[in-house]
Amino acid sequence: MKLEKSDILKALETISVAGEGKNMVESGAVKNIITFGDEVIVDLVLSTPALHIRKRAEVDVMKAIHEKVYEKAKVKVNIKVEAPEKPDLKNSIKGKPIPGITNIVAVASGKGGVGKSTVTSNLAVTLAKMGFKVGLLDADIYGPSAPIMFDVEQERPLSVKVGDKSKMKPIENYGVRILSIGFFTQPNQAVVWRGPMAAKALNQMIFDAAWGELDFLLVDLPPGTGDIHLSIMQSLPITGAVVVSTPQNVALADARKGVAMFQQDSINVPVLGIIENMAYFTPEELPNNKYYIFGKEGAKYLAEDLEVPFLGEIPLVQSIREAGDVGRPAALQTATPIEKAFEELTKNVVQEVVNRNESLPPTEAIKITTMAGCSAVKK
């Protein structure tokens, strides 16, 4: 059977590239079509380097041709990535860079109680174990938890001279440099501040701190989508954001809003992906059993629906909670399923940072190298 180029074009007009809005032909993604009998070659040009979007475009093209033109057609899809011009992207990245900090990753959640701070602390220590220089800014002004989770409640940042300026020296434990409003308040003292006061305190912890050289600065945001989030994104050039959710519908509805916040035109912070926490419960006496208390794979389906990467799942395990309460993140426990889960999650976060930095300014491009059997990012 001889395939006609016009028939191929009509088939491709029924599909679109994720995020484009227009059909594949109208958006200009289809650059060339070549037919030889029952063989067809389709050349596509996409504006995103994301692997899952490239793969979906390839599958959609093959499916459309097989279903609407000829089911036995031999289809080859060539995909080239052309990122948007850098000047436009620079205008969408807010804030001024902090000298010495390569990547700033915001960790957010649509609602409280989904384990965002627990995930952040374990992500931080896992990055440190991989050999990175890591900092953690606890930006949850009204509910700081980093001092407890890192067993540094009694510590207080000292003043150090950096050039001719005095700056706060972050508290360090487990290879992670930490700053939190919790270091400056009493345990029984409530922080009752309006937005401008909270923003001023955050700016001091960001720009009046001696962070030094960092590969990653993790920013543990408060739950929701509010004033603190806007202040952080105006102050810092966020490399990307990850959103933490449980699988249940109530949490997923808020996680969807969290993703939408970062994707607003006025904010436009790249979303690195979604993390599913409390994915399933495994009792200690039945280590091979999984009980989906809050629902099954809800965050994974949400990631697919929003067309953002799914970064991984963390089970609901008692030892994670106990480790956080005693100030030793569970990912520090060696040769355990929890350590493995957080390592896999961290590798995926690192990979998405790599993907983002290969195509979007202004963060310096980075590459993956192998360190102690783990994927790692270096300048």
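A quick note: this is a predicted structure, and the numbers were derived from the prediction, not measured.

Novice: Explain the sheet that holds strand S10 (residues 214–220) to me, using residue names and the numbers behind them.
Specialist: Judged by pairing direction, the sheet is mixed, and its 8 strands sit side by side in the order S8-S9-S5-S10-S4-S11-S12-S13 without closing on themselves. Every other strand in the sheet has two partners, leaving strand S8 (171–173) and strand S13 (310–316) as the edge strands with one partner each. If you compare each strand with its neighbour and ignore which way they point, the axes differ by 25° on average. When strand S4 (residues 101–108) meets S10, the two strands line up parallel, connected through 6 bridges. Looking across to S10, one finds that Val107 is bridged to Asp220.

Novice: Describe helix H2 (residues 51–68), and please don't skip the residues or the numbers.
Specialist: The end-to-end C-alpha separation of H2 is 26 Å, in line with the 26 Å expected for 18 residues at 1.5 Å each. What H2 keeps buried is the set Ile53, Ala57, Val61, Ala64 and Ile65. Buried residues along H2 cover an arc of 100° about the axis, so they all sit on one side. H2 presents Leu51 and Glu67 as exposed residues on the side facing more than 90 degrees away from its buried surface. In this fold, the buried residues of H2 make contact with helix H1 (5–12), strand S2 (39–46) and strand S3 (74–81).

Novice: Pulling in residues and values, what's your account of the sheet that holds S2?
Specialist: With mixed pairing, the 3 strands of this open sheet are ordered in space as S1-S2-S3. Looking along the sheet, the strands with just one partner apiece sit at the ends: strand S1 (30–36) and S3. Across this sheet, the average inter-strand angle for adjacent strands is 15°, counted without regard to direction. In the packing of H2 onto the sheet, contacts are made with S2 and S3, and the angle to S3 comes to roughly 150°.

Novice: Let's hear about the layout of surface pockets: which residues, and what values?
Specialist: In this structure, the second largest pocket encloses a volume near 480 Å³. Of all the elements in the fold, those that place two or more residues in the lining of the second largest pocket are strand S12 (271–281), S13, helix H10 (318–325) and helix H11 (337–359).

Novice: Before we move on, can you summarise unusual backbone geometry with the specific residues and values?
Specialist: The general pattern is negative phi for most residues beyond glycine and trans for most peptide bonds. Positioned with a positive phi, Glu307 is a non-glycine residue whose angle comes to about 60°. Relative to the assigned elements, Glu307 resides in the loop between helix H9 (298–306) and S13. Here Glu307 falls in the partly exposed class, since its relative accessible area comes to 25%. Phi at Ala335 is positive, roughly 55°, even though this residue is not glycine. The residue Ala335 is located in the loop between H10 and H11 in this model.

Novice: How would you summarise the packing of aromatic side chains if you had to cite specific residues and measurements?
Specialist: The relative placement of two aromatic rings is captured by the distance of their centres and the angle of their planes. Under the defined criterion, the tally for this structure stands at 3 aromatic pairs. Ring centres 5.2 Å apart and planes at 85° place the aromatic pair Phe132 and Phe216 in the edge-to-face group. Placement of the pair is Phe132 in the loop between helix H4 (116–129) and strand S5 (134–138) and Phe216 in strand S10, with a sequence separation of 84 residues. Since its relative accessible area comes to 1%, Phe216 is described here as buried. Above the face of the Tyr280 ring, Lys290 is positioned so that its terminal group lies 4.5 Å from the ring centre.

Novice: Can you tell me about H9, naming the residues and giving the values?
Specialist: Regarding H9, the residues found buried are Gly298, Ala299, Leu302 and Ala303. Buried residues in H9, looked at end-on, bunch into an arc of 140°, giving them a common side. Tucked inside the fold, the buried residues of H9 contact helix H8 (249–263), S12 and S13. Looking one or two residues past H9, Glu307 carries a phi angle of roughly 60°, positive in sign.

Novice: Residue-level account of the pairing of strand S9 (residues 176–180), with values.
Specialist: Taking burial as the measure, the 5 residues of S9 include 4 buried ones, the bulk of the element. In terms of strand pairing, S5 meets S9 through 5 bridges, oriented parallel. Each residue of the ladder has a partner; that of Val134, found in S9, is Val176. As paired elements, S8 and S9 share 3 bridges and run antiparallel to each other.

Novice: Tell me about the pattern of salt bridges, and please be specific about residues and values.
Specialist: Under the definition given, this model contains 8 salt bridges. We note a salt bridge from Asp220 to Lys116, for which the minimum N-O separation is 2.7 Å. Taken together, the residues span a long stretch of sequence, with Asp220 in strand S10 and Lys116 in helix H4 at a distance of 104 residues. Note that Asp325 is salt-bridged to Arg321, the shortest N-O span being 3.0 Å. You can see Asp325 and its partner Arg321 sitting in helix H10, 4 residues apart, about one turn around the helix. A relative accessible area of 48% places Asp325 in the partly exposed class. With relative accessibility at 48%, the residue Arg321 sits in the partly exposed group. Each of Arg56, Asp60 and Glu307 takes part in salt bridges that share partners, so that together they form one network.

Parameters at a glance
Residues numbered from 1 in each chain as written. Predicted model: local features only at pLDDT ≥ 70, side-chain atom pairs only at ≥ 80, totals over all residues. Heavy atoms only, no water. Pairing = 2+ DSSP bridges. Helix = DSSP H or I, 4+ residues; strand = E, 2+ residues; numbered from the N terminus. Axes fitted to C-alpha atoms, helices over the stretch in contact; angles between N-to-C directions. Expected span 1.5 Å × (residues − 1). Buried < 20%, exposed > 50% of the residue type's maximum accessible area, 1.4 Å probe, protein only. Arc of directions from axis to C-beta. Contact = heavy atoms within 4.5 Å. 1 Å grid on protein atoms, 1.4 Å probe; cavity = no way out; pocket = protein on both sides within 12 Å on 5 of 7 lines; lining within 4 Å. Points joined across faces, edges and corners; volume = space filled by probe spheres on them. Phe/Tyr/Trp six-rings, centres within 6.5 Å; stacked < 30°, edge-to-face > 60°. Lys NZ or Arg CZ within 6 Å of the ring centre and 35° of its normal. Salt bridge = Lys/Arg side-chain N within 4 Å of Asp/Glu carboxyl O.

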